[in-house]
Amino acid sequence: MERNLIVILLTALSLLFSPLSSPPARAQSEGGLVLSAGADKKIDRKLSIGAEAAFRTRNDFRTVDRWSGSLSASYKFNKWLKADAAYTLLYGNNRESITYNYDTNGVVTGYNNWRPSYWNTRHRLNASLTADYKFSNNLHFSLRERWQYTYRPEKTVTRWDFDNSQWEDKVRAGKGKNQLRSRLQVEYDKKRATLKPYASMELYNSWAIEKIRYTVGTDIKLTNQHSFDVFYRYQNVKNIDEDDYDPDMHYVGVGYKFKF
Amino acid sequence: MITTIIKKLFPACLLCCGIAAALTACVNDDTDFSAYTNEQGTTTSNDTIRILYSGTTATVSGDSRGVVSVIGADVTVNDPTSTSTMVLVLSGTTPDGSLIVYRSLKYEVVLNGVSITNADGPAINNQCGKAFHLTLADGTVNTLTDGTAYAEQSYDQKGTLFSEGQIYVEGTGTLNVNGNSKNGIASDDYITFRSGTVYVNVAATGSNGVKVNDGFTIEGGTLNIDVKADGARGIRNEARTTIAGGNTTITTSGGCKIENTDGIVDTTSCAGIKSDSLFVMTAGTLTITSTGDGGKGINCSENIELSGGTMVVTTTGDNVMSKPKALKSDTGIIVSGGSLTATVSKSWACDNGTESDEPADRITIVGTPVTQTLTKKLVKVEF
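Residues numbered from 1 in each chain as written. Chains lettered and ligands numbered in written order. Predicted model: local features only at pLDDT ≥ 70, side-chain atom pairs only at ≥ 80, totals over all residues.

A.B. asks: Can you tell me about the overall build of chain A, naming the residues and giving the values?
C.D. replies: A count of helical and extended segments in chain A gives 1 helix and 15 strands. Per-residue burial over chain A gives 18% buried out of 260 residues. A fraction of 50% describes how many contacts in chain A between residues 6 or more apart in sequence connect residues 24 or more apart. (Helix = DSSP H or I, 4+ residues; strand = E, 2+ residues; numbered from the N terminus. Buried ≥ 20, exposed ≤ 12 C-beta atoms within 10 Å, placed from the backbone. Contact = placed C-beta atoms within 7 Å.)

This is the structure we're talking about:
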């Protein structure tokens, strides 16, 4: 038991402090909260369905980042291979955007446009395959490969034009985005234990690595029906435009799940 | 022991977390720019430059900073670093002249009884990416005409009146735009018609009446568009189209344009309005007539939504190369107010993407209209 916990801890620390986690040049980060509540229903031994609602904050817990609701289905082919598919409706608050004017030497000479934050709806579909490998009695490694498609419908937003000193409308065209998410997870899963600690690293890839998530947490099984998930997550953002403000995030999360 | 504590205390802790999150997460994280946005419309100085066209020459007055240069009747305003506002007042007539403006801030052009014909390019070419206010002076009639072939240039010139930035048409005068080579009016940003009377006539050698990239809005005024080329559109808009007032009349008379690229034949039919995004009408009048083969009234990639105003769309063309439709949408035609009359002589009056033979399936009516006629070739709904 002790040896296994040490393995988990070392794995988590190595993931957290690996070279990939070095902060980007902007070196800015914020804190956020992730709350979720969901329910699962087992249809038969292999098939189960679920629903979940989630809430996320940013700006050191002070600003609502998004609400979401999802429906999912999961099919277990065998002991080590599982497939999932889900639809998620996202209602998110898009961060403000500020662009600047530059002189011929690339030096900022002033503001160009400011688009305040705004809310919009997005639709997301994902499908994934998860392979599980039992390393020892209670130690499991799993690799999840998830394709994710997110569609943002067209939206007309207002922005302030500093040169013209006026508000103007700007149409943000509808746009779809494909991403491949690869998650490697290790977890300590002892039968009848209340706590099931885990650590994971997940890469978001859309022709280039866009962000990396490092998570340590534990599932807390209160009864056969009620369980919680508590975690800390560090989200390292990569390859963003200079004008975009998309900071690294430190998330604290709590999730509740009810099993029918 | 620890397990028991966790099981008893955890739900209570979670509830507290949820309440705390809901109470604290209510702050906007936007930068405070109120010092800028509260000063809307204030200016520090104002340059008014008058340009008088006369035959093959032009005379400039009020150019205190020396930003205007003239060759013949071709006028260039080169003012890229100015921080003051600028108003250009144009008058007179030239059979071979133009105006091109380079600037980084918004400005205004007042058409004060001017007629500009440019045989080898746009009559007015705005190379400023910011707001371009085009004011039609009260009681004046103004005319802009291009030639049948443009001279090659390093900058864009997409129509008789072309702008890199947004165009706002204002004032109470009249403007005639004649297109012989490309579009009548074109903008790489968006266009808003607020007032004035504008006639856009594009010959069979030209292209669209109005071509716009980022959105088109009519708030008021009178807009008349007549295009004659095959495959031409009265208004060709790559973003949202909004009609919230004014009186708009569009006529297309060309047939289908057939293009053969590497053995692939592509057919483009005419349309009064071709919109790549939502079409919304809330007020005003819109009359579209399309007479060519396969001509459409409104051809929209997303919903066509009518909630107010009067829309009359008629297509009389044949269906040899393409099917004429009064209203064609890829996603839906929704009428919740106003008045719609859609008539075709061939094919369907309304096409919302379904294959149904029931006219009622091809349009969505929200509410209870006063009159309602739904047939294949005539759809009339009045609230």
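A.B. asks: Any chance you could break down the overall build of chain B for me, citing the residues and the numbers?
C.D. replies: A tally of regular secondary structure across chain B gives 2 helices and 35 strands. The buried share of chain B, reckoned over its 383 residues, is 48%. The contacts in chain B between residues at least 6 apart in sequence include a share of 67% that link residues at least 24 apart.

A.B. asks: Could you give an account of the sheet that holds strand S8 (residues 139–152) of chain A, naming the residues involved and the relevant values?
C.D. replies: What holds strands together in a sheet is hydrogen bonding between their backbones, with the strands either parallel or antiparallel. Residue and element names in this part refer to chain A. Strand order in this closed barrel of 11 strands is S1-S2-S3-S4-S7-S8-S11-S12-S13-S14-S15, and the pairing throughout is mixed. Pairwise comparison of adjacent strand axes, ignoring direction, gives a mean angle of 20° for this sheet. Relative to strand S2 (residues 47–58), strand S1 (residues 29–42) runs antiparallel, the two being bridged by 9 bridges. Paired with alanine 39 across the strands is alanine 51, a residue of S2. (Pairing = 2+ DSSP bridges. Axes fitted to C-alpha atoms, helices over the stretch in contact; angles between N-to-C directions.)

A.B. asks: I'd like a description of the environment of A:Tyr102, backed by residues and values.
C.D. replies: Residue and element names in this part refer to chain A. Looking at the secondary structure, you find tyrosine 102 in strand S5 (residues 97–102). Among the residues examined, tyrosine 102 registers 12 C-beta atoms within 10 Å and is labelled exposed. Each C-alpha atom, one on tyrosine 102 and one on asparagine 112, is 9.1 Å from the other, the two residues being 10 residues apart in sequence.

A.B. asks: Break down the nonpolar core for me, with residues and values.
C.D. replies: Residues and elements named next belong to chain B. Ranked by internal contacts, the top residues of the largest apolar core, which has 86 residues, are Leu90, Leu111, Val210, Ile298, Leu327, Ala342 and Cys350. At 6 residues, strand S7 (residues 107–118) tops the list of elements feeding residues into this core. Apart from residues lying up to four places away in sequence, leucine 111 is in contact with Leu90, Leu134, Thr135, Leu136, Ala137, Thr140, Asn142, Gly173 and Leu175. (Core = buried A, V, L, I, M, F, W, Y, C linked by C-beta atoms within 7 Å.)

A.B. asks: So what's going on with the sheet that holds strand S29 (residues 325–329) of chain B? Residues and values would help.
C.D. replies: Residue and element names in this part refer to chain B. What the 12 strands build is an open sheet, ordered S3-S4-S6-S8-S11-S14-S17-S20-S24-S26-S29-S32; its pairing is mixed. Two strands bound the open sheet, and with one partner strand each, they are strand S3 (68–71) and strand S32 (350–351). Across 3 bridges, strand S14 (residues 183–187) lies against strand S17 (residues 210–212) in parallel orientation. Across the sheet, serine 187 pairs through a bridge with valine 212, a residue of S17.

A.B. asks: Tell me about the environment of B:Val67, and please be specific about residues and values.
C.D. replies: Residues and elements named next belong to chain B. By the element assignment, valine 67 lies in the loop between strand S2 (57–61) and S3. A sequence separation of 35 residues divides valine 67 from tyrosine 102, and the C-alpha atoms of the two residues are 9.8 Å apart. Among residues more than four places away in sequence, those in contact with valine 67 are Val77, Asn78 and Asp79.

A.B. asks: I'd like a description of unusual backbone geometry, backed by residues and values.
C.D. replies: All names here are of chain A. Phi angles above zero are rare outside glycine, and asparagine 59 is one such case at about 55°. By secondary structure assignment, the location of asparagine 59 is in the loop between S2 and strand S3 (63–76). Judged by local crowding, asparagine 59 falls into the partly exposed class, with 18 C-beta atoms found within 10 Å. With a phi close to 70°, tryptophan 207 is a non-glycine residue in the positive phi region. As for its position among the elements, tryptophan 207 is in the loop between strand S12 (195–205) and strand S13 (209–221).

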